[in-house]
Amino acid sequence: MNTENTGKKEARNLYLKNEDLDAAVAKYLALLSFADGQQKGRLLPVIEAQGWVTKEPVFAKISSPYYNASAMDGICVEAMAMIGVDERHPRTLVKGIDFNFVDTGDVIADPYNAVVMIEDVIIKSDDEITINNPVSLWQNVRPIGEDIVAGELILPAYHQVRPIDLGALLAGGITEIEVLNKPRVGIIPTGTELVEAGAAMAVGKIVDSNTHMFVGLVKECGGQAERYQPVRDDYELIKKAIVKAVEENDMVLISAGSSAGTEDYTRSLIEELGEVVVHGVAIKPGKPVVLGIVQGKPVIGIPGYPVSAYFVFESFVKPVILACNHQTLTDGVTIKAVLSKRLMSSLKYLEFVRMKCGRVNQRFVATPLDRGAGVTMSLVNADGILKIPKNVEGYDAGEEVELILMRPREEIENTLVSIGSHDVLMDIVANIIHKNKQLVNLSSAHVGSLGGIMAIKKGECHIAPIHLLDEESGIYNLPYLKRYLADQTVVLIKGVKRTQGMIIPKGNPKNIQGIADLIRPDLSFVNRQRGSGTRVLLDYLLKVNKLDGSQVLGYTREMNTHMMVASAVKSGSCDVGIGVLSAANMMELDFIPIGDEAYDFVVLKENLEDPRVQIFIKILKSQEFKDSLERLGGYSLEQPGELVEP
């Protein structure tokens, strides 16, 4: 090799120092910029969006179903015309006048508003049938928005789109979404000894396999890989390749040449072109990694040994790509296992040991594989990885250790589960969790306030949103904790004050003035489900006004969320419903306030220190949460996140 042109080729590199892994990663990421709003995005057809990351939250444009639809095969009828029908008073109906046949999914249009199952129909002829069961309003009809309501959050910002998300987006009327550009990762193979796979082999030649592995790993992490042709060990040629790759990509990987040999040029080149942040990390294998920045872009020198290359990618490259996509690096699935043999380690490094593992007599037993940095098959055959910390000399046979699985056992559960009352603010919390790259997801089920209390009692959730008015004291929520959860130690996390009221069409065409109007024969109503705080409030107001729920046309027609109530009003399938102001605002409907209420969260005291619950409390106290609610309207915050013991 010609060394006259560089003057650097015979110099031997020196490591800056062997930094600890976590410190090196934190130091490197802190110097790179992944600020909100700075990354470029693009509009992408939904059908092509799988694997891409949303740049902004995506809200439904249309409801699904888009129309009132039959929930089953049968006949559609006008419910009010069927009053009095029962086994003793059957009724014969004429097709086209009293009924029409419908299949599952067919449109239910005026004047029809109920479906009788075909099993309950006695067919007399092609045009006449008999029914002998009572018919209720909207029975067996899927209402508009049962699945998705226009205006509801479908996907939060910084969410990686899955195949199942595509269907929801399309059903919600979304045909294209704004996504973050996938980070482009340039991959440069270096080494005079390298040949491409399939080329004729000779002594001293090595097939370049590492960079093809990198291509797959980059794609798996959510990046776009650009692999360049191998570059021989020439300082100026490698420099030229790096300059080109930096110009064309968001990140550059240099394969081989990161150690301290006379032909290892990566550190010197990064130092000349930009800045070396770290050279040498206390891990084994993978110690001679180079972490650099050139023109503000990450440039990483990766050792040439395959196993070292893999662990450097997992430890450094993967966190950077995920950070570019605003995704969070999570720990792998772990199990406890008993070592089958003694395992010694150096005190100088965090060591990654590839392990085989199996179940023996109801316990996991683990055996180490070959520990050489060049043994690719030790990765292929490994069931898991054992990390031996720095300053630990090893483990004895029979000792229980923790393995990170490389093959599936079960998915990591890292979700904050909420069961209880519905409010659109839960969508806001979910979006903030994703947007701020928190380590949890939010799963929110809407079963009503009382259902939430029962879920807490049975240990089925972390938090339960509730808004229950005690008629005797006039106090929200706390009396119900004493009544139903007296045998458990619970805490109330203060949430928000929100405005409840009557949701009505724009312009109030039927001149609705208040609760007393609900019994008017010309008004149709839609209710919330039994056990919901809104239902409790309605029943209380009916009682105060000395009204009977049976007088309210549609009292038994139930919806599970405020948005579904608003959607029913918007679609014209009812004249009025009870819900929160924010839902009316989102659907551009009018609103008659009937009072403010406390929307709070129940949690078992023993779960208060759970990181997922702590993140939730932190969000309640955040300015971002406050600003989002102010934009919606209908809320006030009085010490959100404050803890109150009943």
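Figured I'd write up the structure that's included with this text. Given the structure is predicted, the values throughout are model-derived calculations rather than measurements.

**Some thoughts on the overall build of the protein**
Alright, step 1. For the protein, the helix and strand inventory stands at 15 helices and 38 strands.
Alright, step 2. When its C-alpha atoms are laid out on the principal axes, the protein stretches across 105 × 55 × 55 Å.
Alright, step 3. Split into buried and exposed, the 646 residues of the protein put 51% on the buried side.
Alright, step 4. Taking as baseline every contact in the protein between residues at least 6 positions apart, the subset at least 24 positions apart corresponds to 76%.
Alright, step 5. Looking at the protein as shown, the accessible area adds up to about 29700 Å², and 50% of this sits on carbon and sulfur atoms.

**A short note on the sheet that holds strand 4 (residues 74-77)**
Alright, step 1. What the three strands build is an open sheet, ordered 6-4-7; its pairing is antiparallel. The sheet terminates laterally at strand 6 (99-102) and strand 7 (114-117), the two strands that pair on one side only. Each strand axis lies, on average, 35° off the axis of its neighbour in the sheet, ignoring direction.
Alright, step 2. As defined by bridge partners, strand 4 adjoins strand 6 across four bridges and the pair is classed as antiparallel. Residue C76 lies in a different strand from strand 6, and its bridge partner there is N100.

**With respect to the environment of S64**
Alright, step 1. Relative to the helices and strands, S64 resides in the loop between strand 2 (58-59) and strand 3 (69-70).
Alright, step 2. Residue classification places S64 among the buried positions, given a relative accessible area of 16%.
Alright, step 3. A C-alpha to C-alpha distance of 6.1 Å links S64 and A171, two positions 107 residues apart in sequence.
Alright, step 4. Residues contacting S64, with those up to four places away along its chain left out, are G145, E146, D147, I148 and A171.

**Structural notes on empty space enclosed by the protein**
Alright, step 1. Tallying each qualifying case throughout the model produces one cavity of 30 Å³ or more.
Alright, step 2. One number sums up the size of the largest cavity: a volume of about 40 Å³.
Alright, step 3. For the largest cavity, the lining is made up of ten residues, of which T190, I238, G257, Y265 and T266 are closest to its centre.
Alright, step 4. Classifying every residue of the lining of the largest cavity by side-chain character gives five nonpolar, three polar and two charged.

**Section: the pairing of strand 36 (residues 590-604)**
Alright, step 1. Note: strand 31 (residues 464-466) against strand 36, three bridges, orientation antiparallel. Considered in strand 36, the bridge of I466 is made with D600.
Alright, step 2. As judged from the 13 bridges shared by strand 32 (residues 490-504) and strand 36, these two strands associate in the antiparallel manner. The residue bridging G501 from the neighbouring strand is P593, located in strand 36.

**Concerning unusual backbone geometry**
Alright, step 1. Cis peptide bonds are those with omega within 30 degrees of zero, and the linkage from S64 to P65 qualifies with 0°.
Alright, step 2. Of the consecutive residues D110 and P111, the connecting peptide bond is found in the cis state with omega at 5°.
Alright, step 3. Structurally, the position occupied by P111 is in the loop between strand 6 and strand 7.
Alright, step 4. Positive phi values are uncommon outside glycine, yet W138 reaches one of about 65°.
Alright, step 5. If you trace the backbone, W138 turns up in the loop between strand 9 (128-131) and strand 10 (141-142).

**Quick look at the side chain of S315**
Alright, step 1. Along the chain, S315 falls in helix 6 (residues 306-324).
Alright, step 2. Judged by relative accessible area, which is 11%, S315 ranks as buried.
Alright, step 3. In this structure, S315 is in contact with L21, V25 and F352, ignoring residues within four places of it in sequence.

**A look at the environment of R227**
Alright, step 1. Secondary-structure assignment places R227 in strand 16 (residues 224-227).
Alright, step 2. Linking R227 and V252, residues 25 residues apart in sequence, is a C-alpha distance of 9.9 Å.
Alright, step 3. Reaching out from R227, the side chain makes a polar contact with the side chain of H212 at a distance of 3.5 Å.

**Considering the packing of aromatic side chains**
Alright, step 1. Counted according to the given criterion, the structure contains eight aromatic pairs.
Alright, step 2. Each ring, one from F99 and one from F101, has its centre 5.2 Å from the other, and the planes form 90°; the classification is edge-to-face.
Alright, step 3. Judged by relative accessible area, which is 0%, F99 ranks as buried.
Alright, step 4. Judged by centre distance (5.9 Å) and plane angle (15°), the rings of F214 and F313 are stacked. With F214 in helix 3 (residues 210-221) and F313 in helix 6, this residue pair connects regions lying 99 residues apart in the sequence.
Alright, step 5. Each member of the aromatic cluster is reached from another via a ring pair, and the members are Y310, F311 and F352.

The rules behind these values
- Residues numbered from 1 in each chain as written.
- Predicted model: local features only at pLDDT ≥ 70, side-chain atom pairs only at ≥ 80, totals over all residues.
- Heavy atoms only, no water.
- Helix = DSSP H or I, 4+ residues; strand = E, 2+ residues; numbered from the N terminus.
- Buried < 20%, exposed > 50% of the residue type's maximum accessible area, 1.4 Å probe, protein only.
- Contact = heavy atoms within 4.5 Å.
- Areas by Shrake-Rupley, 256 points an atom, 1.4 Å probe, with all protein chains shown as cover.
- Pairing = 2+ DSSP bridges.
- Axes fitted to C-alpha atoms, helices over the stretch in contact; angles between N-to-C directions.
- 1 Å grid on protein atoms, 1.4 Å probe; cavity = no way out; pocket = protein on both sides within 12 Å on 5 of 7 lines; lining within 4 Å.
- Points joined across faces, edges and corners; volume = space filled by probe spheres on them.
- Nonpolar A, V, L, I, M, F, W, Y, C, P; charged D, E, K, R; others polar.
- Polar contact = N/O pair within 3.5 Å; in protein donor to acceptor, adjacent residues only side chain to side chain.
- Phe/Tyr/Trp six-rings, centres within 6.5 Å; stacked < 30°, edge-to-face > 60°.

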